[in-house]
Amino acid sequence: MSKTIFEKIIARELPANIVYEDDLVVAFRDINPQAPTHVLIVPRKPIPRIAEARPEDAPVLGHLLLKAAEVAEKLGLKPTGYRLVFNNGPDAGEAVPHLHCHILGGRRMGWPPG
Ligand code: AMP
């Protein structure tokens with residue numbers, strides 16, 4: 001299997017504006033931001049999407065969510081709020097088959113999502 005864009009970013013084979021990383025996750029600015037702040041946080045492990053996650057992935061997924069909240073706070077989004085989004089499969093608009101959580105903030109979000 002060829003590497004996804006996000007695996008290449010994790011491996012430093014593609015440039016990215018990284019805002020946080022540790023041994024389990026990497027967070028970087030989305031190249032096509034949909035809000036004033038738009039960051040993606042991804043596991044280093046190449047899990048394709050949440051539907052393919054396995055019970056043994058629970059620690060990394062829990063860590064990813066906690067770090068998403070930390071990154072959002074570090075970027076100043078906590079007081080006004082933010083949205084976390086996982087697009088899973090074609091109907092959701094998933095474009096990159098490497099699990100990622102969108103952190104969106106800095107503007108008022110609509111509901112239901114488009
Ligand atoms: P999704 O539609 O949920 O799969 O989201 C994929 C996201 O990856 C989109 O918001 C893209 O703008 C973003 N993206 C694609 N390529 C890059 C890249 N090289 N660096 C940062 N973000 C990217």
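Below is a summary of the structure that appears in this document. On a predicted model such as this, the values are computed, not experimentally measured, just so you know. (Residues numbered from 1 in each chain as written. Predicted model: local features only at pLDDT ≥ 70, side-chain atom pairs only at ≥ 80, totals over all residues. Heavy atoms only, no water.)

**Focus: the side chain of His63**
Quick reminder of the rule: By definition, any uninterrupted DSSP run of H or I lasting at least four residues is a helix, any uninterrupted run of E lasting at least two residues is a strand, and each is numbered from the N terminus. Here the term buried applies to any residue with accessible area under 20% of the maximum for its type, exposed to any over 50%, and partly exposed to those in between, with areas from a 1.4 Å probe on protein chains only. Here, residues are in contact when the closest pair of their heavy atoms is within 4.5 Å.
Mapped onto the elements of the fold, His63 is located in helix H2 (residues 58-74). Given a relative accessible area of 19%, His63 falls into the buried group. Once you skip the residues sitting within four places of it in the chain, His63 turns out to touch Asp22, Leu24 and Val25.

**A short note on the environment of Asp91**
With respect to the secondary-structure elements, Asp91 resides in the loop between strand S4 (82-85) and strand S5 (101-105). Overall, Asp91 belongs to the exposed group, its relative accessible area being 86%.

**Things to note about the nonpolar core**
Selection criterion: Definition of nonpolar core: a set of buried residues of the types Ala, Val, Leu, Ile, Met, Phe, Trp, Tyr and Cys, connected through side-chain atoms within 4.5 Å.
Ranked by size, the top nonpolar core spans 16 residues in total, and within it Ala27, Val39, Ile41, Leu64, Val71 and Ile103 carry the most contacts. Looking at this core, the elements with two or more residues in it are strand S2 (25-29), strand S3 (37-43), H2 and S5. Considering every element that reaches this core, the biggest residue donor is H2, with six residues. Residue contacts for Ile103: discarding those within four places in its chain leaves Thr37, His38, Val39, Ile41, Ala68, Val71, Ala72, Leu77, Tyr82, Arg83 and Leu84. Grouped together as the second largest cluster of nonpolar side chains are eight residues, Phe6, Ile9, Leu40 and Val42 included.

**Overview of the site of the ligand**
Quick reminder of the rule: Definition of nearness: a residue and a molecule or strand are near each other if at least one heavy atom of the residue lies within 4 Å of the molecule or strand. Here a polar contact is taken to be a pair of N or O atoms separated by no more than 3.5 Å, where protein atoms must pair a possible hydrogen donor with a possible acceptor and residues adjacent in sequence count only if both atoms sit in side chains. When residues are grouped by polarity, Ala, Val, Leu, Ile, Met, Phe, Trp, Tyr, Cys and Pro land in nonpolar, Asp, Glu, Lys and Arg in charged, and all others, Gly among them, in polar.
Residues in close proximity to the ligand total 16 residues, the closest being Asp30, Gly93, Ala95, His100 and His102. Within the backbone of Gly93, a nitrogen or oxygen atom sits 2.8 Å from an oxygen atom of the ligand. One of the backbone N or O atoms of Val96 is found 3.1 Å from an oxygen atom in the ligand. Looking at the shell around the ligand element by element, the count peaks at three residues for helix H1 (residues 5-10). In terms of residue class, the shell around the ligand is made up of eight nonpolar, five polar and three charged.

Purely spatial values, then, with no claim about function.
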